[in-house]
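One letter stands for each residue in the lines below.
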Amino acid sequence: MKKLMFILFFGLLFAQQFAIGGIPIQIKKTNDCGEARSIDISVEINNNNTISIVFNSDCGDADIIIETTTGVYVTSAYCPTTPDNVEIRITSPGCYVVTIKTIDGTYQGQFIIN
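It should be emphasised that the depicted structure is a prediction, and the values quoted were computed from it without experimental measurement.

Caption draft 1: Just the overall build of the chain, in detail. Within the chain one finds 1 helix and 9 strands. When the helices and strands of the chain are read in sequence order from the N terminus, they spell out α-β-β-β-β-β-β-β-β-β. Out of the 114 residues belonging to the chain, those deemed buried represent 32%. Counted over contacts in the chain with a minimum sequence separation of 6, partners at least 24 positions apart contribute 53%. In the form shown here, the chain has an accessible surface area of approximately 7,400 Å², with 57% of it arising from carbon and sulfur atoms.

Caption draft 2: Layout of the sheet that holds strand S1 (residues 23–25). The 4 strands lie next to each other as S1-S3-S4-S7, forming an open sheet whose pairing is antiparallel. Edge positions in the open sheet fall to S1 and strand S7 (84–89), since each of these has one partner strand only. Geometrically, the sheet is characterised by an average inter-axis angle of 25° between neighbouring strands, direction not taken into account. Pairing geometry for strand S3 (residues 41–45) and strand S4 (residues 50–55), over 5 bridges, is antiparallel. Residue pairing in the sheet places Ile45 in a bridge with Ile51 of S4.

What counts as what
Residue indices follow the written sequence of each chain, beginning from 1 at its first position. Predicted model: local features are reported for residues with pLDDT of at least 70 only, side-chain atom pairs are reported and counted for 80 or more only, and whole-chain, interface and lining totals are derived from all residues. Remark: hydrogens and water are excluded; side-chain values derive from all non-hydrogen atoms of the structure. Note on conventions: DSSP H or I runs of at least 4 residues are helices, E runs of at least 2 residues are strands, and numbering of each starts at the N terminus. The classification of residues rests on relative accessible area computed with a 1.4 Å probe and restricted to protein chains. Under 20% of the type maximum is buried, over 50% is exposed, and intermediate values are partly exposed. Pairs of residues are marked as contacts when any of their non-hydrogen atoms sit within 4.5 Å. For the accessible areas, the method is Shrake-Rupley and the probe is 1.4 Å, while residue cover comes only from the protein chains on display. Any two strands between which DSSP finds at least two bridges are classified as paired. The axes used here are C-alpha line fits, helices contributing only the stretch in contact, and every angle between their N-to-C directions lies in the interval 0 to 180 degrees.

Below is the structure:
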């Protein structure tokens, strides 16, 4: 009985995580520009194929570009001030690269839309 309760509890906890938010996209800094400091950017895919980008710290303005993995431009967005957030909807399935350019550097991550 304890095993069953344990499995149910953690199963519900895991399922609730995906119900509240989306699937996180790991982003990495690709170059060093500006002063070296840590910034907090979170990127995730929501259920409706919307990419949510949240800037939790001040990193000036931000240019966001979505391309295919072969480098074909898909869409872009501009965030004039941070902290703030941006949402970009992707309508076609495929493999994509998100590039975020700030005064602190360039960040990239890859994701798949089914």
